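Summary of the model geometry
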Amino acid sequence: KKFVNSIVESLDSSKRPILLLGGGLSRQVAKSLIADVEKIGIPVMTTWNGMDRYGDDLANYWGRPNTWGQRSSNMLLQQSDLLIAVGSRLGLQQTGFAWEEFAPLAKIYQIDIDQSELEKGHPKIEDGLQSDAGEFLKNLLDAISKKKYCFSDWLNFGELVIAAFPLNDAGN
(Lines give C-alpha, C1' and ligand atoms only; values in the text may rest on other atoms or scores of the structure.)
Protein backbone atom coordinates (compact mmCIF):
# COMPACT_ATOMS: atom_id res chain seq x y z
CA LYS A 1 0.00 0.00 0.00
CA LYS A 2 2.77 2.45 0.93
CA PHE A 3 4.68 1.60 -2.27
CA VAL A 4 1.58 2.09 -4.43
CA ASN A 5 0.93 5.42 -2.68
CA SER A 6 4.48 6.56 -3.48
CA ILE A 7 3.95 5.76 -7.14
CA VAL A 8 0.57 7.53 -7.16
CA GLU A 9 2.21 10.64 -5.65
CA SER A 10 4.94 10.52 -8.29
CA LEU A 11 2.35 10.00 -11.01
CA ASP A 12 0.36 12.98 -9.73
CA SER A 13 3.37 15.25 -10.25
CA SER A 14 4.69 13.57 -13.41
CA LYS A 15 4.51 15.21 -16.82
CA ARG A 16 6.17 12.37 -18.80
CA PRO A 17 5.40 8.93 -17.27
CA ILE A 18 5.91 5.55 -18.90
CA LEU A 19 4.58 2.16 -17.84
CA LEU A 20 7.03 -0.59 -18.86
CA LEU A 21 5.53 -4.09 -18.90
CA GLY A 22 7.93 -7.00 -18.76
CA GLY A 23 7.89 -10.75 -19.13
CA GLY A 24 7.32 -11.17 -15.39
CA LEU A 25 3.75 -10.03 -15.90
CA SER A 26 1.61 -12.97 -16.99
CA ARG A 27 -0.02 -12.75 -20.41
CA GLN A 28 -3.43 -13.56 -18.97
CA VAL A 29 -3.30 -10.79 -16.36
CA ALA A 30 -1.87 -8.29 -18.84
CA LYS A 31 -4.61 -9.03 -21.38
CA SER A 32 -7.31 -8.77 -18.71
CA LEU A 33 -6.09 -5.30 -17.69
CA ILE A 34 -5.64 -3.73 -21.14
CA ALA A 35 -8.84 -1.67 -20.98
CA ASP A 36 -7.93 -0.33 -17.52
CA VAL A 37 -4.40 0.55 -18.61
CA GLU A 38 -5.74 2.32 -21.71
CA LYS A 39 -8.13 4.41 -19.59
CA ILE A 40 -5.38 5.97 -17.46
CA GLY A 41 -3.72 7.42 -20.54
CA ILE A 42 -0.13 6.59 -19.66
CA PRO A 43 2.17 5.57 -22.51
CA VAL A 44 2.99 1.86 -22.36
CA MET A 45 6.17 0.17 -23.49
CA THR A 46 7.09 -3.49 -23.31
CA THR A 47 10.33 -5.32 -22.86
CA TRP A 48 11.52 -7.83 -25.44
CA ASN A 49 10.26 -10.68 -23.23
CA GLY A 50 7.00 -8.86 -22.58
CA MET A 51 6.23 -7.83 -26.16
CA ASP A 52 2.98 -9.81 -26.19
CA ARG A 53 1.67 -8.22 -22.99
CA TYR A 54 0.19 -5.16 -24.69
CA GLY A 55 -1.12 -4.64 -28.20
CA ASP A 56 1.05 -2.74 -30.62
CA ASP A 57 -2.17 -1.53 -32.23
CA LEU A 58 -3.19 0.44 -29.12
CA ALA A 59 -2.91 4.23 -29.23
CA ASN A 60 -0.79 4.54 -26.09
CA TYR A 61 1.69 1.81 -27.09
CA TRP A 62 5.15 3.26 -27.56
CA GLY A 63 7.16 0.18 -28.47
CA ARG A 64 10.09 -1.78 -27.05
CA PRO A 65 13.07 0.13 -25.72
CA ASN A 66 16.32 -1.77 -25.20
CA THR A 67 19.73 -2.31 -26.77
CA TRP A 68 18.03 -4.01 -29.75
CA GLY A 69 14.84 -2.00 -29.44
CA GLN A 70 13.10 0.66 -31.42
CA ARG A 71 14.80 4.01 -31.75
CA SER A 72 11.73 6.09 -30.95
CA SER A 73 11.06 4.03 -27.82
CA ASN A 74 14.59 4.56 -26.57
CA MET A 75 14.40 8.28 -27.31
CA LEU A 76 11.10 8.66 -25.45
CA LEU A 77 12.29 6.61 -22.48
CA GLN A 78 15.26 8.94 -22.13
CA GLN A 79 12.84 11.89 -21.85
CA SER A 80 10.56 10.27 -19.29
CA ASP A 81 10.34 11.70 -15.79
CA LEU A 82 8.72 8.58 -14.28
CA LEU A 83 9.25 4.94 -15.19
CA ILE A 84 7.11 2.24 -13.60
CA ALA A 85 8.78 -1.08 -14.54
CA VAL A 86 6.33 -3.92 -13.85
CA GLY A 87 7.73 -7.43 -14.15
CA SER A 88 10.98 -6.28 -15.73
CA ARG A 89 14.42 -7.18 -14.41
CA LEU A 90 15.84 -4.02 -15.95
CA GLY A 91 18.82 -6.09 -17.01
CA LEU A 92 21.61 -4.93 -19.26
CA GLN A 93 19.72 -5.79 -22.47
CA GLN A 94 16.99 -3.42 -21.27
CA THR A 95 19.18 -0.65 -19.87
CA GLY A 96 22.26 -0.93 -22.04
CA PHE A 97 25.76 -1.36 -20.66
CA ALA A 98 25.90 2.34 -19.75
CA TRP A 99 23.09 1.67 -17.27
CA GLU A 100 23.88 4.85 -15.35
CA GLU A 101 22.52 6.71 -18.39
CA PHE A 102 19.27 4.72 -18.49
CA ALA A 103 16.22 7.01 -18.12
CA PRO A 104 18.39 9.73 -16.57
CA LEU A 105 15.51 12.14 -15.93
CA ALA A 106 13.15 9.55 -14.44
CA LYS A 107 12.24 8.34 -11.03
CA ILE A 108 12.33 4.59 -11.55
CA TYR A 109 10.06 2.24 -9.63
CA GLN A 110 10.73 -1.45 -10.22
CA ILE A 111 8.40 -4.33 -9.38
CA ASP A 112 9.90 -7.80 -9.57
CA ILE A 113 9.26 -11.14 -7.91
CA ASP A 114 13.01 -11.60 -7.26
CA GLN A 115 14.37 -9.43 -4.42
CA SER A 116 17.95 -9.83 -5.67
CA GLU A 117 16.98 -8.07 -8.92
CA LEU A 118 15.84 -5.08 -6.89
CA GLU A 119 19.08 -5.00 -4.91
CA LYS A 120 21.61 -5.48 -7.73
CA GLY A 121 22.39 -1.75 -7.89
CA HIS A 122 21.72 -1.04 -11.54
CA PRO A 123 19.99 0.88 -12.78
CA LYS A 124 19.52 3.27 -9.89
CA ILE A 125 15.90 2.97 -8.78
CA GLU A 126 13.82 5.28 -6.63
CA ASP A 127 12.25 2.26 -4.95
CA GLY A 128 11.57 -1.39 -5.60
CA LEU A 129 8.91 -3.84 -4.54
CA GLN A 130 9.22 -7.60 -4.39
CA SER A 131 5.80 -8.64 -5.59
CA ASP A 132 3.87 -10.56 -8.18
CA ALA A 133 3.70 -8.15 -11.13
CA GLY A 134 0.03 -8.85 -11.85
CA GLU A 135 -1.09 -8.28 -8.28
CA PHE A 136 0.87 -5.05 -8.12
CA LEU A 137 -0.57 -3.77 -11.41
CA LYS A 138 -4.12 -4.54 -10.27
CA ASN A 139 -3.47 -2.63 -7.02
CA LEU A 140 -1.98 0.34 -8.86
CA LEU A 141 -4.86 0.50 -11.34
CA ASP A 142 -7.36 0.32 -8.46
CA ALA A 143 -5.56 3.17 -6.68
CA ILE A 144 -5.66 5.46 -9.71
CA SER A 145 -8.94 4.35 -11.29
CA LYS A 146 -10.86 7.40 -10.09
CA LYS A 147 -8.15 9.90 -10.96
CA LYS A 148 -8.17 11.96 -14.13
CA TYR A 149 -4.74 12.31 -15.64
CA CYS A 150 -3.97 14.42 -18.66
CA PHE A 151 -0.70 13.71 -20.36
CA SER A 152 -1.78 15.14 -23.71
CA ASP A 153 1.43 17.15 -24.28
CA TRP A 154 3.51 14.03 -23.60
CA LEU A 155 1.28 11.84 -25.77
CA ASN A 156 1.41 14.38 -28.60
CA PHE A 157 5.20 14.57 -28.34
CA GLY A 158 5.37 10.78 -28.44
CA GLU A 159 3.26 10.71 -31.59
CA LEU A 160 5.67 13.14 -33.27
CA VAL A 161 8.72 11.08 -32.31
CA ILE A 162 7.08 7.82 -33.43
CA ALA A 163 6.02 9.43 -36.72
CA ALA A 164 9.61 10.51 -37.34
CA PHE A 165 11.06 7.15 -36.23
CA PRO A 166 8.28 4.57 -36.74
CA LEU A 167 7.86 1.57 -34.46
CA ASN A 168 7.38 -0.65 -37.50
CA ASP A 169 10.58 -0.97 -39.49
CA ALA A 170 8.56 -1.85 -42.62
CA GLY A 171 10.70 -4.90 -43.26
CA ASN A 172 14.05 -3.12 -43.13
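One can find the structure itself at the top, above this paragraph.
One structure accompanies this document, and this report is about it. (Residues numbered from 1 in each chain as written. Predicted model: local features only at pLDDT ≥ 70, side-chain atom pairs only at ≥ 80, totals over all residues. Heavy atoms only, no water.)

Quick look at the sheet that holds strand E2 (residues 44–46)
Spatial ordering of the open sheet is given by E2-E1-E3-E4-E5, a layout of five strands whose pairing is parallel. Only two strands of the sheet have a single partner each, and these edge strands are E2 and strand E5 (127–130). Averaged over neighbouring strand pairs, the angle between their axes works out to 15° when direction is ignored. Sheet topology places strand E1 (residues 17–21) next to E2; three bridges connect them, and they run parallel. Bridged to Leu 20 within E2 is Met 45. Relative to E2, helix H4 (residues 71–79) is tilted by about 120°, and along the sheet it contacts E1, E2 and strand E3 (82–86). (Pairing = 2+ DSSP bridges. Helix = DSSP H or I, 4+ residues; strand = E, 2+ residues; numbered from the N terminus. Axes fitted to C-alpha atoms, helices over the stretch in contact; angles between N-to-C directions. Contact = heavy atoms within 4.5 Å.)

Some points on the packing of aromatic side chains
In the structure shown here, the tally under the stated rule is six aromatic pairs. Judged by centre distance (5.8 Å) and plane angle (85°), the ring pair of Phe 3 and Tyr 109 falls under edge-to-face. On the criterion of sequence distance, the pair formed by Phe 3 in helix H1 (residues 2–13) and Tyr 109 in strand E4 (residues 107–112) is long-range, its members being 106 residues apart. You'll find Phe 3 and Tyr 109 in the same group, each marked buried. (Phe/Tyr/Trp six-rings, centres within 6.5 Å; stacked < 30°, edge-to-face > 60°. Buried < 20%, exposed > 50% of the residue type's maximum accessible area, 1.4 Å probe, protein only.)

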